[in-house]
Amino acid sequence: MPETLTLARLIGGGAGHGRVVATRDHVLPLDAFARASSLGSHLARLEGRSVVLFVRDMAKAAAALIDLDGWARRIVLCPPGWEASRLETVVRDAEADAFALDGDDEAPPIPVEIAAPCRLPLEPLDAPRATTRETEWVLPTSGTSGPPKLVAHTVRTLTTAIADAPLQQWATFYDIRRYGGLQIFLRALCGRGSLQLGGDRQTVGSLLARFGAAKITHISGTPSHWRKVLMSGEGRRIDPDYVRLSGEIADDAVLEALRALYPRARIEHAYASTEAGVAFTVDDGKAGFPASWLETEGAVRMKVVDGALRVRSNRCALRFVGAGASALVGDDGFVDTGDLVERRGDRLYFVGRRGGVINVGGAKVHPEEVEAALNAHEAVRASRVFARQSPIMGALVVADVVLRDGRFAHAAGLEREILASCRARLAAYMVPTRLRFVPDLPMTDGGKLARHG
Amino acid sequence: MHLVINAVNSNSRAAIVSHRPAILAEIRSVAAEQEKTLAPLTDDLPLLDSGLDSLCFAILVFRLEDLMGFGPFASAGATRFPRTIGDLVALYDEALA
């Protein structure tokens, strides 16, 4: 049986000397974690627990992950900006008995046995501890307009895609609590360098200045992050060897613009999902990927079923967590990604999500949720929400609306009024950018709203 | 000489039909809708300092495409990303010129 892979082993104790994970406000020295912790005296009680990590500060999340891996039974890594109202099903499904929280005087949003405050800088531990347990890492993903699905990984499934790395000084625009950012966090820990992180309310210019001062060599973000860099005019504050795009569809325009900005860098776009793990990276500078990869034998196998990509590899998640959770991996060992692909010539291109899920700058929008908000307006009889491609955000939300009075001439006043009522119910990125009033909506033979075409 | 004449012609044509007023009006309308406070809209104002976030900017480009029937970002091989208000106006003006 192979030895358990833990973050402590990845960092390598004393070998971590001089290496840090840094945000604007905090610097975490990696070699300090052998004898210090962000959870202080609470750490002892968290051994073997199922801990929900619910903190605002990304540096605290990074510290608590290192503290708890190999020690807790399970870590649930809540994405940034989560409302406490989402936690009830998470605590139940993950059988959580502890919270790690931001502040000292903070009450847990749901009653659990232990509420541990997470503090920085690190506090010295009384005694060294053995972090040898295989901790389950649980990453919530947004389910189809229902409660979040909990995806189970281990450090091994999360790091299998990471090759042995020479000295890499990493930075990412991502939050490490999303799969793409977590990959970079783990890449940095596996390697021999440091990691620079962003955070809330910091401009892309200030991030680039800090990343440049830290002499980062490797950097990742979504295509939307990179478009912001291109528009900031501050892109040359960094001089990376390696530029990575993931989390959204990378188009030729953003790849070409990055090639022009960083002529000596290797530029790759990666395809990964929380459920399927990292499937591949593309480094030929073009959007999409070679269709021949579907035939390739190797660690990662892929196939297309009903237009959607399926992936089988040792990087895939283990299962969904929770009583009555559906199967994540099919009988054939493949994970259905729900990402639709289309063949043009000898390449495959991603064209969107099955079920019409719209990816607005990395945030997923379920059309049903937006339609419910539209339909709640008294003038609306029915609506169909869909994506329109955006060169800035990847996609934007638009909608066709059937009015109760049967009119379908454009009425700017009514459009404004309906959209204002949506804004009161939905996050800004979910509100349609434009309404089109139509006489009726296309239906499938089964009488459902047709989502495509 | 021939080149110079061409350059002058295309400049003056662009100046006559500049999209600046339409673009500035649309920026103000998106900002009002999204409840953003705008900085004074001068040509050298960096877009990222204008008060519009990425979502606002995406909505702006979308609306301009509907309004003008084309989007300079959508054309194949377009690798210029505008930095300032002036750059943005120039992108639309050049696409038309």
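Definitions and cut-offs
Residues numbered from 1 in each chain as written. Chains lettered and ligands numbered in written order. Predicted model: local features only at pLDDT ≥ 70, side-chain atom pairs only at ≥ 80, totals over all residues. Heavy atoms only, no water. Contact = heavy atoms within 4.5 Å. Buried area = accessible area lost by both parts, 1.4 Å probe. Salt bridge = Lys/Arg side-chain N within 4 Å of Asp/Glu carboxyl O. Polar contact = N/O pair within 3.5 Å; in protein donor to acceptor, adjacent residues only side chain to side chain. 1 Å grid on protein atoms, 1.4 Å probe; cavity = no way out; pocket = protein on both sides within 12 Å on 5 of 7 lines; lining within 4 Å. Points joined across faces, edges and corners; volume = space filled by probe spheres on them. Helix = DSSP H or I, 4+ residues; strand = E, 2+ residues; numbered from the N terminus. Nonpolar A, V, L, I, M, F, W, Y, C, P; charged D, E, K, R; others polar. Pairing = 2+ DSSP bridges.

A. Region of the structure containing the interface of chain A and chain B. Contact residues are listed per partner, giving 24 residues for chain A and 21 residues for chain B. On the chain A side of the contact with chain B, Met231, Arg388 and Ile392 of chain A bury the most area, a combined 29% of that side's loss. Connecting chain A to chain B are 3 salt bridges. The partner of Arg423 of chain A in a salt bridge is Glu33 of chain B, with the nearest N and O atoms 3.6 Å apart. Seen at the junction of chain A and chain B, the total is 2 residue pairs in polar contact (both at pLDDT 80 or more).

B. Highlighting empty space enclosed by the protein. With the rule as written, the count across this model stands at 2 cavities of 30 Å³ or more. One number sums up the size of the largest cavity: a volume of about 80 Å³. The wall of the largest cavity is formed by Ser224, Arg227, Lys228, Met231, Ile392 and Met393 of chain A together with Leu47, Leu48, Leu52, Asp53, Ser54 and Phe57 of chain B. Of all the elements in the fold, those that place two or more residues in the lining of the largest cavity are α7 (223–232) of chain A together with α3 (54–68) of chain B. Examining the composition of the lining of the largest cavity, we find that 4 residues originate from one element, α7 of chain A, more than from any other. Residues that form the lining of the largest cavity fall into these classes: 7 nonpolar, 2 polar and 3 charged.

C. Representation of the sheet that holds strand β18 (residues 301–305) of chain A. Residue and element names in this part refer to chain A. Strand order in the open sheet made by the 5 strands is β17-β22-β21-β19-β18, with antiparallel pairing throughout. Every interior strand has two partners, whereas the edge strands, β17 (289–290) and β18, have only one. Of the pairings in the sheet, the one linking β18 to strand β19 (residues 308–312) comprises 5 bridges and is antiparallel in character. Within β19, the position partnered with Arg301 by the bridge is Arg312.

D. Broad picture of the side chain of Asp97 of chain A. Residues and elements named next belong to chain A. Structurally, the position occupied by Asp97 is in the loop between α3 (87–93) and β6 (98–101). At 3.5 Å, the side chain of Asp97 forms a polar contact with the side chain of Arg49. Ignoring anything within four residues of it in the chain, the contact list for Asp97 reads Arg49, Ser50, Val112, Glu113 and Ile114.

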